[in-house]
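Structure at a glance
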Amino acid sequence: MSRYFLDHIDRMAGYAPGEQPLDGGFIKLNTNENPYPPSPRVAEAIAGALGERLRRYPDPVGTAFRKVAARLHGVEPGMILAGNGSDDLLTILTRAFAGPGDVVAYPTPSYILYRTLAEIQGARPVEVPFSADWDLEPSRFADPRPRLAFIANPNSPSGTALSAARLGAIAGALDCPLVVDEAYVNFAEDDAVGLVADHPNVIVLRTLSKGYSLAGLRLGYLIARPEVVEGLIKVKDSYNCDTLSLVGGAAALEDQDYLAGTTAKIRATRSRLARAMRDRGYQVPESRANFVWCTGGPPARETYEALKARKILVRLMRYPGQPDGLRITVGTDEEVDRFLEELPA
Ligand SMILES: *Cc1c(COP(=O)(O)O)cnc(C)c1O
């Protein structure tokens, strides 16, 4: 490391995203990408915005996108903030709410980017363990007196979800913003948007990367009280979303029939994959997401390596104090069949 870095940056490990192999031929079941293409309306909308329009800067707050998202969720456009992927919004939230020494709380095992974002701020990450049945006691969450709390719901890597009532109880026990990261909500039954009305500290985060098959476009948004959105706008980059992703993202949100079709297929394949893994002796909690979390089988690292040698990528995940596990993205039926054929016994 160069000696110029701030001490706390020098000490950080940094976030390691899932592998994105540059040579083709892999079946990728490691980063929860959607196996189906995005709605054809996305490409049409982007094609319509190419050319002269690109000469100008994008709309700094994405007014047209906000209106579409607001209509979808039955809220005011002033309650929507778009980001360059939901990771951008997570960065904005952490910068806005957590300073050096402040506690940032989130469950474990969960999305490991929360730790990285807290560390960049010089804040103190505090991990709240899930119970054995993937529940969270509200009092345990409030105990470290956080300045900011994150909960991925449905959670990664478990795929499990807390009820909106549970999240409401946690929000009520907290004296800080509670970010409910709904990256996988399109595959679930329930969502937390309704909580924003009763709990001014709830901020719901959405992405178009998973359900809408647009991980490469980079668009996410959040839903929060207008006064929260106003404050966050001060923290974001002026032009954090480009013209093409705003236009393409709006088209994707407007095609709810297409979303319903692809998510129904993924849910059906998910049940089949979970059943097959349980039949092979793995423990697989009921998933509400587009992946399944498998523990308790043969040594996970060996299985991961054997699959990789056969050009199938899954995510090997290790959390302190937990057994290694494999997080397997729900692919197409053909991809899942190939995976099950190649899975070592
Ligand atoms: C994938 C994922 C994100 C990131 O989504 P982007 O919009 O692609 O940045 C955020 N949170 C969780 C829990 C995720 O799994």
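Look up a bit, the structure's there.
Below or above, wherever it landed, is the structure these notes cover.

What counts and what doesn't
Residues numbered from 1 in each chain as written. Predicted model: local features only at pLDDT ≥ 70, side-chain atom pairs only at ≥ 80, totals over all residues. Heavy atoms only, no water. Helix = DSSP H or I, 4+ residues; strand = E, 2+ residues; numbered from the N terminus. Rg over C-alpha atoms; globule rule 2.2 N^0.38 Å. Buried < 20%, exposed > 50% of the residue type's maximum accessible area, 1.4 Å probe, protein only. Contact = heavy atoms within 4.5 Å. Areas by Shrake-Rupley, 256 points an atom, 1.4 Å probe, with all protein chains shown as cover. Lys, Arg positive; Asp, Glu negative; His and termini not counted. Charge placed at Lys NZ, Arg CZ, Asp CG, Glu CD. Axes fitted to C-alpha atoms, helices over the stretch in contact; angles between N-to-C directions. Left-handed = near helix turned anticlockwise from the far one by under 90°. Nonpolar A, V, L, I, M, F, W, Y, C, P; charged D, E, K, R; others polar.

1. Some words on the overall build of the protein
When helices and strands are counted, the protein shows 13 helices and 11 strands. Over its C-alpha trace the protein gives a radius of gyration of 20 Å, about what one expects of a compact globule, namely 20 Å for 345 residues. Expressed as lengths along the three principal axes of its C-alpha atoms, the size of the protein is roughly 55 × 50 × 50 Å. Buried positions account for 53% of the 345 residues belonging to the protein. By sequence separation, contacts in the protein at least 24 residues apart represent 72% of the contacts at least 6 residues apart. When the accessible surface of the protein is split by element, carbon and sulfur atoms take 51% of a total near 15,500 Å². Averaging the coordinates of the 39 positive side-chain charges in the protein and doing the same for the 43 negative ones gives two points 2 Å apart.

2. Some remarks on helix α3 (residues 63-73)
It helps to recall that an α-helix has 3.6 residues per turn; residues three or four apart then point in one direction. For α3, every residue scored as buried is listed here: Phe65, Arg66, Val68, Ala69, Ala70 and His73. Looking at the packing, one finds that the buried side of α3 touches β2 (80-83), β7 (202-207), β8 (220-223), α9 (226-235) and α10 (243-254). Looking one or two residues beyond α3, the residue adopting positive phi is Gly74, at roughly 65°.

3. Description of the packing of helix α2 (residues 40-49) against α10
For the pair α2 and α10, the least separation of the axes is 8 Å and the interaxial angle reads 150°. Crossing of α2 against α10: the hand is right-handed. Taken together, the residues of α10 that come into contact with α2 (itself represented by Arg41, Val42, Ala45, Ile46 and Ala49) are Leu244, Val247, Gly248, Ala251, Ala252 and Glu254. Per-class residue counts for the contact of α2 with α10 are eight nonpolar, one polar and two charged.

4. A few points about unusual backbone geometry
In this chain, Thr108 is followed by Pro109 through a cis amide linkage whose omega measures 0°. Tracing the backbone shows Pro109 in the loop between β3 (103-108) and α5 (113-120). For the bond from Ser156 to Pro157, the omega torsion is 15°, close enough to zero to count as cis. The phi dihedral of Trp134 falls on the positive side, at around 60°, and the residue is not glycine.

Limitation: the analysis is restricted to geometry and does not speak to function.
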